[in-house]
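Spelled out from the first residue to the last, the chains are:
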Amino acid sequence: MKKIKCKWGFSIFFLSCCAFATTPSMPDSLKNVEISAAVGPSWANTSSTHLVVSPYETDSVLKSSVSNHPLWKLGVGYHFFVEQLQQRRFLNDLLVELNLYQSSATVKGSVWQYQFPQFNNYRFSNPITSTRLMVDAKPGLFTQNHISLYPILGIGAVWNDVTYSETVTGAGVAPNTRYSLNGTNNSNFAYDLGAGVRVDVTKHLSASLEYLYTHLGSMSSSRVSKNGDALQSAPTFNVYNQGVLLGVSWKI
């Protein structure tokens, strides 16, 4: 898949924000525009995988833990069909947002040479930073006492920066046999599913609490080690992320 630098995601996000601000009939359009920001804990997960050193050696790459860092979001949205939907008791809102998310995690575990547990000679670390640009639809289910519930459905693109490195743990194993693979940027299709609750504090200000499940796709580092050695196939991880976001929104 063609590699795309994360800076393109920021550029697209910035241009989209400008588009909202330059649409015709600005006063009428802006009254339904909403700007939001959110942050919260996230949990990435993946399964174990393998690396192919040569036609004669395939090693097991066994995940044992994942360390996670917070997830953050910046977004701009638009409430569609406001006059028609606000008269309804149910399905009374349709917010569509363009959101920029970023999260990071490090997958850690052990490496079994030739897939044999008696050759458990290395530990690995696989840091991942994911930046994604998503179009998220948030249809309001109902509102009671200024509190609204809504599902979240989103699609978009994700850019994953990935590196891979090993440390020797086996007795008598030469340090120069470990692999330290160069980083790559993997671009993938992404989707997210979730739900949220929103509290209108004032006419313009609201707070929200959301849960998101996001599939970040398959990702791998370079096949080339920093010492010049090359693998036949680098470890490939299929990663998904779960996050809880506490956010604030300002409706213009």
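Scroll up to find the structure.
Residues numbered from 1 in each chain as written. Predicted model: local features only at pLDDT ≥ 70, side-chain atom pairs only at ≥ 80, totals over all residues. Heavy atoms only, no water.

*Asks:* Let's hear about unusual backbone geometry: which residues, and what values?
*Replies:* Even without glycine at this site, Leu91 takes up a positive phi of about 50 degrees. Along the chain, Leu91 falls in strand 6 (residues 90-112). (Helix = DSSP H or I, 4+ residues; strand = E, 2+ residues; numbered from the N terminus.)

*Asks:* I'd like a description of a nonpolar patch on the surface, backed by residues and values.
*Replies:* On the surface, Ile35, Ile147, Val199, Val201, Leu205, Val248, Trp250 and Ile252 cluster together to form a nonpolar patch covering roughly 670 Å² of accessible area. Inspection of the secondary structure puts Ile35 in strand 1 (residues 33-40). Under the relative-accessibility criterion, Ile35 is labelled partly exposed at 47%. (Patch = residues over 30% accessible without salt bridge, like charges linked within 9 Å, V, L, I, M, F, W, Y side chains within 5 Å. Areas by Shrake-Rupley, 256 points an atom, 1.4 Å probe, with all protein chains shown as cover. Salt bridge = Lys/Arg side-chain N within 4 Å of Asp/Glu carboxyl O. Buried < 20%, exposed > 50% of the residue type's maximum accessible area, 1.4 Å probe, protein only.)

*Asks:* Pulling in residues and values, what's your account of the side chain of Ser148?
*Replies:* Topologically, Ser148 is positioned in strand 8 (residues 147-168). Filtering out sequence-adjacent residues up to four positions away, Ser148 remains in contact with Phe142, Thr143, Gly196, Val197 and Arg198. (Contact = heavy atoms within 4.5 Å.)

*Asks:* Which residues make up the nonpolar core, and what are the values?
*Replies:* Phe124, Tyr164 and Val239 are the most contacted members of the largest nonpolar core, which has 30 residues in total. Put simply, the parts of the chain that give this core at least two residues each are strand 3 (49-54), strand 6, strand 7 (120-144), strand 8, strand 9 (180-200), strand 10 (205-220) and strand 11 (236-251). Looking at this core, the element that brings in the most residues is strand 8, giving five residues. Apart from the residues within four sequence positions on either side, Tyr164 is in contact with Leu51, Val61, Val111, Phe124, Ser125, Asn126, Tyr179, Ser180, Leu181, Ser221 and Pro235. Counting residues in hydrophobic clusters, the runner-up holds seven residues, among them Val33, Val76, Leu98 and Leu100. (Core = buried A, V, L, I, M, F, W, Y, C linked by side-chain atoms within 4.5 Å.)

*Asks:* Before we move on, could you go through the environment of Asn68 and cite the residues and values that matter?
*Replies:* Looking at the secondary structure, you find Asn68 in strand 4 (residues 57-68). Take Asn68: its relative accessible area is 27%, and that puts it in the partly exposed class. Placed 35 residues apart in sequence, Asn68 and Ser103 show a C-alpha to C-alpha distance of 8.2 Å. The contact partners of Asn68, leaving out residues within four places of it in the chain, are Ser42, Trp43, Ala44, Ser104 and Ala105. Looking at Asn68, its side chain comes within polar contact range of the main-chain nitrogen of Ala44, at 2.7 Å. A distance of 3.5 Å separates a polar atom in the side chain of Asn68 from the backbone oxygen of Val66. (Polar contact = N/O pair within 3.5 Å; in protein donor to acceptor, adjacent residues only side chain to side chain.)

*Asks:* Can you break down the side chain of Thr46 residue by residue, with the values?
*Replies:* Tracing the chain through its elements places Thr46 in the loop between strand 2 (42-45) and strand 3. We classify Thr46 as buried; its relative accessible area is 7%. Looking at Thr46, its side chain comes within polar contact range of the main-chain oxygen of Asn238, at 2.9 Å. Residues within four places of Thr46 in sequence aside, it is in contact with Lys63, Val107, Phe237, Asn238 and Val239.

*Asks:* So what about the packing of aromatic side chains? Which residues, and what values?
*Replies:* In total, this model carries eight aromatic pairs according to the counting rule given. With a centroid separation of 6.4 Å and 70 degrees between ring planes, the pair formed by Phe90 and Phe142 is classed as edge-to-face. A residue pair is termed long-range when its members are at least 10 positions apart, and Phe90 in strand 6 and Phe142 in strand 7 qualify at 52 residues. You can call Phe90 partly exposed: its relative accessible area is 48%. The partly exposed category is assigned to Phe142, whose relative accessible area is 32%. (Phe/Tyr/Trp six-rings, centres within 6.5 Å; stacked < 30°, edge-to-face > 60°.)

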